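# Survey of secondary and tertiary structure
This is what each chain is made of:
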Amino acid sequence: MSRSSRTVVRVEKATPSTVVPRANPVLVGVVAWCLPGAGHLLMGHLRKAVTFFAVLIAMFAIGLAFGGRLFPFQLGEPLVFLAAIAQWTLAVPRVIAAMAGLGAGNVIAVTYEYGNTFLIVSGLLNALVLLDAVDLATGRKAR
Amino acid sequence: MTTHLGVMILFAACVAIVFGTLLRDTPHDELRLAVRIFGGLVAGAYLVGWIMYITL
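Residues numbered from 1 in each chain as written. Chains lettered and ligands numbered in written order. Predicted model: local features only at pLDDT ≥ 70, side-chain atom pairs only at ≥ 80, totals over all residues. Heavy atoms only, no water.

## Re the interface of chain B and chain A
Size of an interface: often given as the accessible area lost when the parts come together. Listed per partner, the contact involves 18 residues of chain B and 20 residues of chain A. Summed over both partners, the interface of chain B with chain A comes to about 1,700 Å²; 75% of that surface belongs to carbon and sulfur atoms. Counting the surface chain B buries against chain A, the share from its top three residues, Val-18, Leu-22 and Asp-25 of chain B, is 33%. Counting every contact that joins chain B to chain A gives 2 salt bridges. (Contact = heavy atoms within 4.5 Å. Buried area = accessible area lost by both parts, 1.4 Å probe. Salt bridge = Lys/Arg side-chain N within 4 Å of Asp/Glu carboxyl O.)

Quick look at the structure:
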């Protein structure tokens, strides 16, 4: 093989520095934290945004309707503290519910623990939705 | 709807929809994954429930 017929293939590896941001990730993260689906809406994913908003708000409302409790930050009670962090991942619904006097927690209700589960899991799922929206904004995730 | 089964089905449906939407990009794929996750959660809970009933 002659020197001139060689084909040189240069493979460039994608590194974080070469990823082009599509939107301000901080802004996307903040709006996604405030309201479920808002980050995806900002990134132009309307269908996903509507789905996340509808399902996560429904889960939060079901949790309140079941008599679940909005947990305060109590460092003395580690599980309560972690539950509070999870619930605060849905910022605006959490604030509105607290201002409306909801989420006192009906301990004697049959569905009390179910309510807590729905409230906590809706927050944790929104944390995953938030991270997905930030990945879309930074370009780490395609589409 | 305050039965264990009813609440579990409602919970599984919500979680399955979110994960299906999060992990796939086309509506068809999202629905397929959501149905699989929903089925897995309900069947798993049923199985674990029976195992606990038999063994405990």
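## Side note on helix 3 (residues 46-65) of chain A
The end-to-end C-alpha distance of helix 3 of chain A is 28 Å, a good match for the 28 Å that 20 residues give at a rise of 1.5 Å each. Of all the positions in helix 3 of chain A, only Lys-48, Ala-49, Phe-52, Val-55, Leu-56, Met-59, Phe-60, Ile-62, Gly-63 and Leu-64 of chain A are classed as buried. Here the buried face of helix 3 of chain A lies against helix 2 (38-42), helix 5 (91-99) and helix 6 (112-138) of chain A together with helix 1 (4-23) and helix 2 (27-55) of chain B. Downstream of helix 3 of chain A by a residue or two, Gly-67 of chain A has a phi angle that is positive, lying close to 90 degrees. (Helix = DSSP H or I, 4+ residues; strand = E, 2+ residues; numbered from the N terminus. Expected span 1.5 Å × (residues − 1). Buried < 20%, exposed > 50% of the residue type's maximum accessible area, 1.4 Å probe, protein only.)

## Thoughts on the side chain of Asp-132 of chain A
Of note, Asp-132 of chain A is situated in helix 6. Among the polar contacts made by the side chain of Asp-132 of chain A, one reaches the side chain of Lys-141 of chain A at a distance of 2.5 Å. Excluding anything up to four places from it in sequence, Asp-132 of chain A contacts His-40 and Lys-141 of chain A together with Leu-22 of chain B. (Polar contact = N/O pair within 3.5 Å; in protein donor to acceptor, adjacent residues only side chain to side chain.)

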